[in-house]
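Chain by chain, the residues:
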Amino acid sequence: MTERLSTSSPAGTTGAATGDRLPPARLAYDRHTWKEIAHLLANLPAALIGFVYVVVMLAVGVGLTVTVVGLPLLAAGLVGARQSGKLERARARALLGVRVDEPSPLPLRSRSGFLAQLWMSLKDPVGWRTVLYDFIRFPWGVFTFCVTLTSLLVLWPVLPFIARGLTNVDRAMVRGLLSPSDGLERRIAELESDRGIVVDTAAADLRRIERDLHDGAQARLVNLAMGLGLAKEKLLEDPDTAAAMVDEAHGEVKLALQELRDLARGIHPAVLTDRGLDAALSSVASRCTVPVQVTVDLAERPAAAIEGIAYFTVSELLQNVSKHSGARSASVEVWRTSDRLLIQVGDDGHGGARLDGGTGMKGLADRLSAVDGLFVVDSPEGGPTTITAELPWRDRTGADGAAGTSRPPARSH
């Protein structure tokens, strides 16, 4: 079973493919000419339906913006305009041979909230370009219908040339207004969606730290203070009991310090800052319940943010190996390929890992997607399991330290 999450959408091509070039127009009516004539005659009903839709949608949506329902209706209308554009692309593909990729879907995530989805729909460039297309198409549809019908009855010998000229304008409209947004527009939409994931993840981490402090170290330190207060009161009356209580308090101090160290390691371990991924991942592997071979092949250290995400990704995956895999051994490999940092964690356990399996991998996938990363799970029933994570490489500069810090080329542990 292989699951793949990828934060990048494929860039669309807006031109016709080389194999879709039409033969030159001729006096004789061939199938391409009849298709073009059919498209021109269908322009009037299609343009009329589209024009009525956008006029009603804009009139109702804009007119009711003073009420609560105005903006949601306008947003729903723009989503509907996207579907209208989809039908027009299909008609152009079938009758005109124009092959335009479908625009990337709006990155509406269930966790982004109603207001975020509403705002993203209202500023959707694909929807607004479809509205513009439907406005322009109405007078053009009336014109092409009348010209084609008249030419079919009066100028039929030269109709193929007329149809070719008119449909070339149609092709230009489809490519210009119904094509996918350019890469920048799509990237902005993706980043705005991913920003919500980053905010949610940071809030969840803060709640976890607060909970761990309140339920762990803080409670232990409160008990320690109470114990020392009782020991102080019994110091003169019952020195032996006071000594025992101080002994117990000493043990509590050690446990509290250990909990604080574990909490600090969960925020950002000092070994990662001081010595990088190689030493930090070796430290994580030493705490795993199965033997782990760690291989790090990096000539230099990445940016601190990328390094931190890589560390916590491996840490979470090795925790899953310890708790859920039933494995006898595991491996961690980290290397750089071009401008990407690749991480691969494998084990020989019973497999069956899934993104929705409740082991925290969905959260890892969301965290990686928020930084333009990739998360792939290959875990058939019966094993083995191989999980690959991919992060963008950023050089370690400025506050992160000197760029190009030398690292051993490859080390295994």
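Treat the numbers as computed from the prediction; the structure is a model and nothing was measured.

J.: Got a minute to help me understand the overall build of the protein in this structure?
T.: Helix and strand counts for the protein stand at 11 helices and seven strands. When the 413 residues of the protein are sorted by exposure, 39% land in the buried category. Long-range contacts, defined as pairs at least 24 residues apart, comprise 76% of the intrachain contacts of the protein with a sequence gap of at least 6.

J.: Could you clarify how one ought to interpret the packing of helix α1 (residues 31-63) against helix α5 (residues 159-177) in this entry?
T.: How two helices sit against one another is set out by the angle between their axes and by the gap between those axes. Axis separation between α1 and α5 bottoms out at 9 Å; the angle between their running directions is 60 degrees. By the angle class used here, α1 and α5 are oblique. Like other packed secondary-structure pairs, α1 and α5 cross with a definite hand, here left-handed. Residues Thr33, Glu36, Ile37, His39, Leu40 and Asn43 of α1 touch α5, and the partners they reach there are Leu159, Pro160, Ala163, Arg164, Leu166, Thr167, Asp170 and Arg171. Residues of the contact of α1 with α5, tallied by class, amount to six nonpolar, four polar and four charged.

J.: How should I be thinking about the packing of helix α2 (residues 70-95) against helix α4 (residues 125-153) in this particular structure?
T.: At their nearest, the axes of α2 and α4 sit 8 Å apart, and the two run at 60 degrees to each other. Crossing of α2 against α4: the hand is left-handed. Here α2 contributes Leu78, Ala81, Arg82, Ser84, Gly85, Glu88 and Arg91 to the contact with α4, which in turn contributes Val126, Gly127, Trp128, Thr130, Val131, Tyr133, Asp134 and Arg137. Counted by class, the contact of α2 with α4 contains six nonpolar, four polar and five charged residues.

J.: Looking at this structure, how should I read the packing of aromatic side chains?
T.: Under the definition given, this model contains four aromatic pairs. Ring geometry for Phe51 versus Phe138: centroids 4.5 Å apart, planes at 15 degrees, classification stacked. In this pair, Phe51 sits in helix α1 while Phe138 sits in helix α4, placing the two residues 87 residues apart along the sequence. Here Phe138 falls in the partly exposed class, since its relative accessible area comes to 25%.

J.: Looking at this model, I keep getting lost on the environment of Met245. Mind explaining?
T.: Secondary-structure assignment places Met245 in helix α7 (residues 239-267). Looking at Met245, the relative accessible area reads 18%, which means it is buried. Sequence-wise, Met245 and Ala231 are 14 residues apart; in three dimensions their C-alpha atoms are separated by 5.8 Å. Setting aside chain neighbours within four positions, we find Met245 in contact with Gly227, Leu230, Ala231 and Lys234.

J.: Would you mind going over the pattern of salt bridges with me for this structure?
T.: Oppositely charged side chains can pair when the atoms bearing their charge come close. Scanning the entire structure with this criterion turns up nine salt bridges. With a shortest N-O distance of 2.9 Å, Arg301 and Glu307 are connected by a salt bridge. Assigned by exposure class, Arg301 and Glu307 land together as buried.

J.: What should I look at first to understand the pairing of strand β6 (residues 385-392) in this one?
T.: Each regular strand shows side chains that alternate between the opposite faces of the sheet. For β6, the buried fraction is high: six of the eight residues fall into the buried class. With eight bridges joining them, strand β4 (residues 340-347) and β6 adopt antiparallel strand pairing. Bridge pairing links Ile343 to Ala389 in β6. Both strand β5 (residues 374-378) and β6 contribute to a ladder of five bridges, which runs antiparallel.

J.: Help me understand unusual backbone geometry in this model?
T.: Not every positive phi belongs to a glycine, and Ser338 is a case in point at roughly 55 degrees. With respect to the helices and strands, the residue Ser338 is situated in the loop between β3 (330-337) and β4.

J.: How should the nonpolar core be read in this particular structure?
T.: Generally speaking, nonpolar side chains in soluble globular proteins are found buried as a group. Within the largest apolar cluster, 39 residues are counted, with the highest numbers of intra-cluster contacts made by Leu281, Val292, Val332, Val334 and Phe375. The set of elements that each furnish at least two residues to this core consists of α9 (277-286), β2 (292-297), α10 (304-325), β3, β4, α11 (361-369), β5 and β6. The element contributing the most residues to this core is α10, with eight residues. Residues in contact with Val332, not counting those within four places in the same chain, are Leu281, Val292, Gln293, Val294, Thr295, Val314, Leu318, Gln344 and Val345.

J.: So what exactly am I meant to see when it comes to the pairing of β3 here?
T.: Relative to β3, β2 runs parallel, the two sharing six bridges. Within the sheet, the bridge partner assigned to Gln293 lies in β3 and is Ser331. With eight bridges connecting them, β3 and β4 associate as antiparallel partners. Residue pairing for β4: Trp335 is matched across the bridge by Leu342. Counting the residues in the hairpin turn of β3 and β4 gives two residues, including Ser338, whose phi is positive at 55 degrees.

J.: What is the right way to look at the confidence of the model for the protein in this model?
T.: Atom-level detail of predicted coordinates should not be read off regions where pLDDT is low. Summary statistics for the protein give a mean pLDDT of 76 and a share of 75% for residues scoring 70 or more. This model gives residues 1-19 a pLDDT under 50, and the stretch forms 55 contacts once residues within four places in sequence are excluded.

The rules behind the values
- Residues numbered from 1 in each chain as written.
- Predicted model: local features only at pLDDT ≥ 70, side-chain atom pairs only at ≥ 80, totals over all residues.
- Heavy atoms only, no water.
- Helix = DSSP H or I, 4+ residues; strand = E, 2+ residues; numbered from the N terminus.
- Buried < 20%, exposed > 50% of the residue type's maximum accessible area, 1.4 Å probe, protein only.
- Contact = heavy atoms within 4.5 Å.
- Axes fitted to C-alpha atoms, helices over the stretch in contact; angles between N-to-C directions.
- Parallel < 35°, antiparallel > 145°, perpendicular 65-115°, else oblique.
- Left-handed = near helix turned anticlockwise from the far one by under 90°.
- Nonpolar A, V, L, I, M, F, W, Y, C, P; charged D, E, K, R; others polar.
- Phe/Tyr/Trp six-rings, centres within 6.5 Å; stacked < 30°, edge-to-face > 60°.
- Salt bridge = Lys/Arg side-chain N within 4 Å of Asp/Glu carboxyl O.
- Pairing = 2+ DSSP bridges.
- Core = buried A, V, L, I, M, F, W, Y, C linked by side-chain atoms within 4.5 Å.
- pLDDT = per-residue confidence, 0-100.

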